[in-house]
Each structure stands twice: as C-alpha cells, then as structure tokens.
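Given next are the chains, with one letter for each unit.
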Amino acid sequence: MKKTTTMDTLKYHESNKAFNVFVASTFADLKRLKKENNKAAFNELLLKTLHQVRRYIVSRIGTALTKGNLPHGKYQPDDFIDQLFIDVYDHFDDVKNEMELHPWLFKKANELLEDTITDEEFDDHFLKNIDDYSKAEWDEMEENFSTDGGGDYVMVEELDDISYPKNDYVLNHVFIEDRKQKLQDKLDRELDEEDLRRHVKMVLHNLPLPMRTIFELATEYEFTLGEIAEIQNESLDQVRQLFDNAKKSIELSFFNRYTIDK
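If you're wondering where the values come from, they're calculated on a predicted model, not measured in any experiment.

Caption draft 1: Looking closely at the overall build of the protein. When helices and strands are counted, the protein shows 15 helices and 0 strands. By the burial criterion, 50% of the 262 residues in the protein qualify as buried. Summarising the internal contacts of the protein: among those between residues at least 6 apart in sequence, 79% fall at separations of at least 24. Here the protein displays about 13,300 Å² of accessible surface, and carbon together with sulfur accounts for 49% of that area.

See the structure below:
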C-alpha cells in the first residue's frame, strides 16, 4: 500500500481550499443568472459547484443503506441532486454572500437527506464499551464491518478521488495533544492508508449520526464548527461537544487496539 506523505496532505488541503474559493467565486454569477431568470445557465454553473456536496450525499446514502435506514434500490444520489437543483434555484436569494454559499449548499442537501432517511435507532452499547474491547474484538469488528459493506463503502467507487483526506490529516484532527504524539507516530509508521481509513470509518459507522456527520464535515470537507452549526441547525456549543466526543471515541479506539509497547 502507498504510504501517506506530507505532499499528499498538502495536495489535499490545497485541493479543498481551491475548490472552496471556486464555489465562492460563482456566487455573483449565480445571483445574476437567478435575477435574469436564466435557469438553464444557472443550473449549468451550479453543477460545477456540487462536487463535494455529491460526495457527501453518496456517503450519507451508503451509510443509511447499510444501517437499514433507507430501502435498497429506491434512491440514487442523482434523485437528491435533481431535487437540490430545484431547491437551490427557488431559495437562492436566501444566500447573503459568497462565503455562505458552500455551507448553504450542504445545508440544503442535508435537509433533503433528513426528510428521506428514517431516524437512526442508535444502540449505545458501542460507546459504553469502547474502553473495554480487546484487540481481537476490534479485529473481528473490522472484519464484520468490511464484510457487511461498511456504510459509505457501499458506493466506494464514487468516493475514490483525490479529495479524500489522507492519514496524517485525519490523525492530526484526532490526536491534537503533544502527549499523544508517540501513538500518532506509531500509527503513521505502521498503518497504511487503507488500514487507517477503514478503522476510522468503522468507528464512525458505530457512532450516533449527529456525531459522525459533524466529524466528517469538519475533517473531510474542512468546514468550521460555526459553519457546521449552520448546516446542521445546531448550536455552536452542541456541535463543538459532538465533535470533541467523536474525536475522543476515535482516539480511545486507537489506544485500545494499537497499544504502545511497554
């Protein structure tokens, strides 16, 4: 497997930043086209801004399918994208400025998903016992996760692109304290990209939906916690707490599965 490099992470950051700048740059033209009632040109330009929104929709659908919160074969990502075009055009005047555009697109996508995906029944057994799982139990859990399709791996071919976060990017979000550096170095040295991605996805798959979504919006799409609060219609304090809880859960899972040699 290819190991992650600093250049990989730099490319990821630069790719995300460039795309965010591009989305913001379309605001003035979209606003003008809406004012001119030029729906065809509006949608043509809007399509170019939806790369990350589509990836988010694909990921959410995949997880919902695996958890049984969405019937198999009934919905495709394009069903939500088609409705998103209608909603964005109809409500575009709600966007106040260019910096709000990208988070607002995610918010509209989120509303469509929430209206369709049934409420997730969360079993808190995983969180209550996360400190007690042995390495063998973690390995078995991952094997079952991979066998079952693993949430958004259901549509992994649609997620396989350069903009997916790399190892050290994820690790830096989880292990933010210097005292955790020893474990982070061990993980970065011993795990390849797919190993780390699969473990993080497995843990996220077992976390409550709000916690999982907030972590992914922050790490995969680089939204600020304030922007995520707008996307999720939650208070900033609630978003911060859920993000911290997600990080702690992932961090604890790594400690228990990949303990540092004494």
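Picking up where we left off.
Caption draft 2: Summary view of the environment of His 72. Its location among the elements puts His 72 in the loop between α4 (51-67) and α5 (77-91). We classify His 72 as exposed; its relative accessible area is 63%. Taking the C-alpha atoms as reference points, His 72 and Gly 62, separated by 10 residues in sequence, lie 9.9 Å from one another.

Caption draft 3: Seen up close, the nonpolar core. In this structure, Phe 92, Leu 101, Leu 105 and Phe 254 are the most contacted members of the largest nonpolar core, which totals 64 residues. Among the elements that line this core, the one with the most residues is helix α6 (residues 98-116), at 7 residues.

Caption draft 4: The arrangement of helix α15 (residues 236-257) in detail. The terminal C-alpha atoms of α15 lie 32 Å apart, and with 22 residues this matches the ideal 32 Å at 1.5 Å per residue to within 8%. For α15, the set of buried residues is Val 239, Leu 242, Phe 243, Ala 246, Lys 247, Ser 249, Ile 250, Glu 251, Ser 253, Phe 254, Asn 256 and Arg 257.

Caption draft 5: View of the packing of helix α12 (residues 193-206) against helix α13 (residues 209-219). At a minimum axis distance of 7 Å, the contact between α12 and α13 shows a crossing angle of 140°. Regarding the angle of α12 to α13, the classification is oblique. Contacts between α12 and α13 involve Val 200, Lys 201, Leu 204 and His 205 on the former and, on the latter, Arg 212, Phe 215 and Glu 216. Residues that form the contact of α12 with α13 fall into these classes: 3 nonpolar, 1 polar and 3 charged.

Caption draft 6: How the structure looks around the environment of Thr 224. Looking at where Thr 224 falls in the secondary structure, it is placed in the loop between α13 and α14 (225-232). Linking Thr 224 and Pro 103, residues 121 residues apart in sequence, is a C-alpha distance of 9.6 Å.

Caption draft 7: Expanded view of a negative patch on the surface. On the surface, a cluster of negative charge is made up of Asp 131, Asp 132, Glu 137, Glu 140 and Glu 143. The topology assignment puts Asp 131 in the loop between α7 (125-129) and α8 (135-148).

Caption draft 8: Region of the structure containing the packing of aromatic side chains. Scanning the entire structure with this criterion turns up 15 aromatic pairs. Taking the centre distance of 6.0 Å and the plane angle of 45° together, the rings of Phe 19 and Phe 22 count as tilted. Of this pair, Phe 19 and Phe 22 both sit in helix α1 (residues 6-25), separated by 3 residues, roughly a single helical turn. On the accessibility criterion, Phe 22 (30% relative accessible area) is partly exposed. Among the aromatic residues, those joined into a ring-pair cluster are Phe 27, Phe 42, Tyr 89, Phe 92 and Trp 104. Here the basic side chain of Lys 34 rests over the ring of Tyr 89, its NZ or CZ set 5.1 Å away from the ring centre.

Cut-offs used in this document
- Note on numbering: residues in each chain are counted from 1, in written sequence order.
- Note on the predicted model: pLDDT of at least 70 is required for a residue's local features to be given, and 80 or more for side-chain atom pairs to be given and counted; whole-chain, interface and lining totals, by contrast, use all residues.
- To get the side-chain values, take all heavy atoms of the structure and skip hydrogens and water.
- The helix count covers DSSP runs of H or I at least four residues long, the strand count covers runs of E at least two residues long, and both are numbered beginning at the N terminus.
- Only protein chains enter the area calculation, which uses a 1.4 Å probe; residues under 20% of their type maximum are buried, those over 50% are exposed, and those in between are partly exposed.
- In what follows, residue pairs with any heavy atoms lying within 4.5 Å of each other are defined as contacts.
- Each accessible area value is a Shrake-Rupley result obtained with a 1.4 Å probe; residue values ignore everything except the protein chains displayed when judging cover.
- We define the nonpolar core as a collection of buried residues of types Ala, Val, Leu, Ile, Met, Phe, Trp, Tyr and Cys that are connected through side-chain atoms lying within 4.5 Å of one another.
- Residue count minus one, scaled by 1.5 Å, sets the expected span of a helix.
- Axis geometry follows a simple rule: fit a line to the C-alpha atoms, using only the stretch in contact for helices, then measure angles between N-to-C directions, giving values from 0 to 180 degrees.
- An angle counts as roughly parallel when it lies under 35 degrees, as roughly antiparallel when it exceeds 145, as roughly perpendicular when it falls between 65 and 115, and as oblique in every other case.
- In this count, Pro and Cys sit with the nonpolar residues alongside Ala, Val, Leu, Ile, Met, Phe, Trp and Tyr, while Asp, Glu, Lys and Arg are called charged and the others, Gly among them, polar.
- Only residues whose relative accessible area exceeds 30% and that form no salt bridge are eligible for patches; like-charged ones are grouped when within 9 Å, while nonpolar side chains (Val, Leu, Ile, Met, Phe, Trp, Tyr) are grouped when within 5 Å.
- Each salt bridge in this description consists of a side-chain nitrogen of Lys or Arg and a carboxyl oxygen of Asp or Glu lying within 4 Å of one another.
- Here the positive residues are Lys and Arg and the negative ones are Asp and Glu; neither His nor the chain ends is included.
- The location of each charge is read from NZ of Lys, CZ of Arg, CG of Asp or CD of Glu.
- Aromatic pairs are defined between Phe, Tyr and Trp rings, using the six-membered ring for Trp, whenever the two ring centres lie within 6.5 Å; interplanar angles under 30 degrees are classed as stacked, those over 60 as edge-to-face, and all others as tilted.
- Note on criteria: charge over ring means Lys NZ or Arg CZ within 6 Å of the ring centre, with the direction from the centre no more than 35 degrees off the ring normal.

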